[in-house]
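Structural overview
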Amino acid sequence: ARVAAAKATAERVHAERLLVDAKAAAALGGDASDRAALARYTQAEDELRELLDAAFQGDDAQARKHFTDLYRQALAESDAQVERIFTPEVIERLPWLDLLSGAQQQHWAASVCAGFAHHFDNGALHIVGPAKGAAGDGILSIGDREQWRDFVLEMEFAIAKGGMTLCFRLGKLVDRSVETWTLTVEGDDALSTLRPYTARASFIGSSATLALDDQDFEPIQARIHWTMNRLGALGIVVPEGAELMFTRLRIKVLR
């Protein structure tokens, strides 16, 4: 019991110290200090999330509340730092990384599902969904190793059949902690079959923007709930019978 109490106290002191150090770095001002502070906040986000997850696996309600409050404080302060650093002018100067060419083609991971296939052809990514009756959807992902946190995506695609669901900051599972965007040529809000579309998505701190070059589609600007993933891969979930192609898919990685 004494060991457990000491461990709990040490964890709380460490968690509080993470925020104190990050806030002190931010108070210094200047570009170098802002970047150093953001690195501290990034560390605080990750370590506090681990402590929070561990608290929710236990039965200590006080610990859950304590780490929840600290984690949400870390996100709010980190968001302010991100907004100060990643201005539109800074983002505009950053280079694009093409996800459909060169070595990046080898970084795509695909789930195993009957009929599910993808291939690259002259810089385009062609995807065919699982066969009828297959167990589950097909999932393609990239960025699993890098774990992108703040980024801007630009894509050009066309859907021949069915549709897809884009997953942002995807972890090990497609679950409720993942932000998604479904694009389909079926049902309500259907896109036009085989029409090339250009879309842009940005995830910066707790802010998300989704835009499509369609006058009937209003750009989505949203605040991301604190329980959602803050980093991860880009995922493409493809249902059975779907077929689509990306002719451009590139990213500016901010953090």
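For the structure itself, consult the block above.
The notes below deal with the structure included here. (Residues numbered from 1 in each chain as written. Predicted model: local features only at pLDDT ≥ 70, side-chain atom pairs only at ≥ 80, totals over all residues. Heavy atoms only, no water.)

The subject of this paragraph is the packing of aromatic side chains. The full count for this structure, using the stated rule, is 6 aromatic pairs. The interplanar angle of 25° and the centroid separation of 5.6 Å between the aromatic rings of Phe-151 and Phe-203 together place this pair among those described as stacked. Placement of Phe-151 in strand β6 (residues 151-161) and of Phe-203 in strand β9 (residues 197-204) is noted, with a sequence separation of 52 residues between them. What makes Phe-203 buried here is its relative accessible area of 2%. Plain terms: the ring middles of Trp-181 and Phe-217 are 5.7 Å apart, the flat faces sit at 40° to each other, and that makes the pair tilted. Separated by 36 residues along the polypeptide, Trp-181 in strand β8 (residues 179-184) and Phe-217 in the loop between β10 (207-212) and β11 (220-223) bring together distant segments of the chain. By relative accessible area, Trp-181 is classed as buried at 5%. Grouped by ring-pair contacts, the aromatic residues Phe-151, Phe-168 and Phe-203 constitute a single cluster. (Phe/Tyr/Trp six-rings, centres within 6.5 Å; stacked < 30°, edge-to-face > 60°. Helix = DSSP H or I, 4+ residues; strand = E, 2+ residues; numbered from the N terminus. Buried < 20%, exposed > 50% of the residue type's maximum accessible area, 1.4 Å probe, protein only.)

The next subject is the packing of helix α2 (residues 31-57) against helix α3 (residues 61-85). Where α2 contacts α3, the axes come no closer than 9 Å and their chain directions differ by 155°. Between α2 and α3, the angle falls in the class roughly antiparallel. Note on packing geometry: the crossing formed by α2 with α3 is left-handed. Here the contact of α2 with α3 is composed, by residue class, of 16 nonpolar, 3 polar and 7 charged. (Axes fitted to C-alpha atoms, helices over the stretch in contact; angles between N-to-C directions. Parallel < 35°, antiparallel > 145°, perpendicular 65-115°, else oblique. Left-handed = near helix turned anticlockwise from the far one by under 90°. Nonpolar A, V, L, I, M, F, W, Y, C, P; charged D, E, K, R; others polar.)

This next bit is on the pairing of strand β4 (residues 124-128). The buried fraction of β4 is high, at 4 of 5 residues. As paired strands, strand β3 (residues 117-121) and β4 are joined by 5 bridges and run antiparallel to one another. Paired with Phe-120 across the two strands is Leu-125, which belongs to β4. Alignment of β4 against strand β13 (residues 243-253), held across 4 bridges, turns out to be antiparallel. Along β13, the bridge assignment pairs Val-128 with Glu-243. (Pairing = 2+ DSSP bridges.)

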